[in-house]
Amino acid sequence: MNAESTARPEPESVTPDRLLHTGAYDQVTAEDIALASGRDLTPENIEWARRRLAERGRAAIEEQLP
């Protein structure tokens, strides 16, 4: 192991929690859900995400995020 692999990130390089969690966003879109699930933005995947959003509401995005 070298020093770079064990070094802690500089504080300014850490992403703030307000940007990591969906509470920072007013509205979740089908595109957000498709991307969070690792899918490409194809018409089929966006339609899948729209259905999922309609069924589960905001929880649909929370299920995709760690």
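Shown above is the structure to which this text applies.
Residues numbered from 1 in each chain as written. Predicted model: local features only at pLDDT ≥ 70, side-chain atom pairs only at ≥ 80, totals over all residues. Heavy atoms only, no water.

Student: Would you mind going over the overall build of the chain in detail, with residue names and values included?
Tutor: Assigned secondary structure in the chain consists of 5 helices and 0 strands. Each helix and strand of the chain, ordered N terminal to C terminal, gives the series α-α-α-α-α. The 66 residues of the chain split such that 18% are buried. Within the chain, counting contacts between residues at least 6 apart in sequence, those at least 24 apart form 42% of the total. (Helix = DSSP H or I, 4+ residues; strand = E, 2+ residues; numbered from the N terminus. Buried < 20%, exposed > 50% of the residue type's maximum accessible area, 1.4 Å probe, protein only. Contact = heavy atoms within 4.5 Å.)

Student: Give me the nonpolar core: which residues, what numbers.
Tutor: Side chains that are nonpolar tend, in soluble globular proteins, to be buried together. Counting 9 residues, the largest nonpolar core is built from V28, A30, I33, A34, I46, W48, A49, A60 and I61. Here A49 is in contact with A30, I33 and A34, once residues within four sequence places are set aside. (Core = buried A, V, L, I, M, F, W, Y, C linked by side-chain atoms within 4.5 Å.)

Student: Describe helix α4 (residues 43–56), and please don't skip the residues or the numbers.
Tutor: For α4, spanning 14 residues, the distance from its first C-alpha to its last is 20 Å, which sits close to the expected 20 Å at 1.5 Å a residue. Along its buried surface, α4 packs onto α3 (30–36) and α5 (59–62). The positive-phi residue at the C-terminal boundary of α4 is G57, with phi of around 65°. (Expected span 1.5 Å × (residues − 1).)

Student: An account of the pattern of salt bridges is needed here, citing residue identities and associated values.
Tutor: Under the definition given, this model contains 3 salt bridges. A salt bridge links E47 to R50, with the shortest nitrogen-to-oxygen separation between them at 3.8 Å. Residue E47 and its partner R50 are located together in helix α4, separated by 3 residues, close to a single helical turn. In this structure E47 comes out as partly exposed when scored by relative accessible area, which is 34%. Among the ionic pairs, E63 bridges to R52, the shortest N-O distance being 3.1 Å. Of the two residues, E63 sits in the segment after α5 while R52 sits in helix α4, which places them 11 residues apart along the sequence. Judged by relative accessible area, E63 falls into the partly exposed class, the value being 44%. Taken together, the shared-partner salt bridges connect R52, R56 and E63 into one network. (Salt bridge = Lys/Arg side-chain N within 4 Å of Asp/Glu carboxyl O.)

Student: Give a description of the side chain of R52 that names residues and reports values.
Tutor: R52 sits in the buried class, given a relative accessible area of 17%. Non-local contacts of R52, meaning those with residues more than four positions away in its chain, are made with I33, G57, A60, E63 and Q64.

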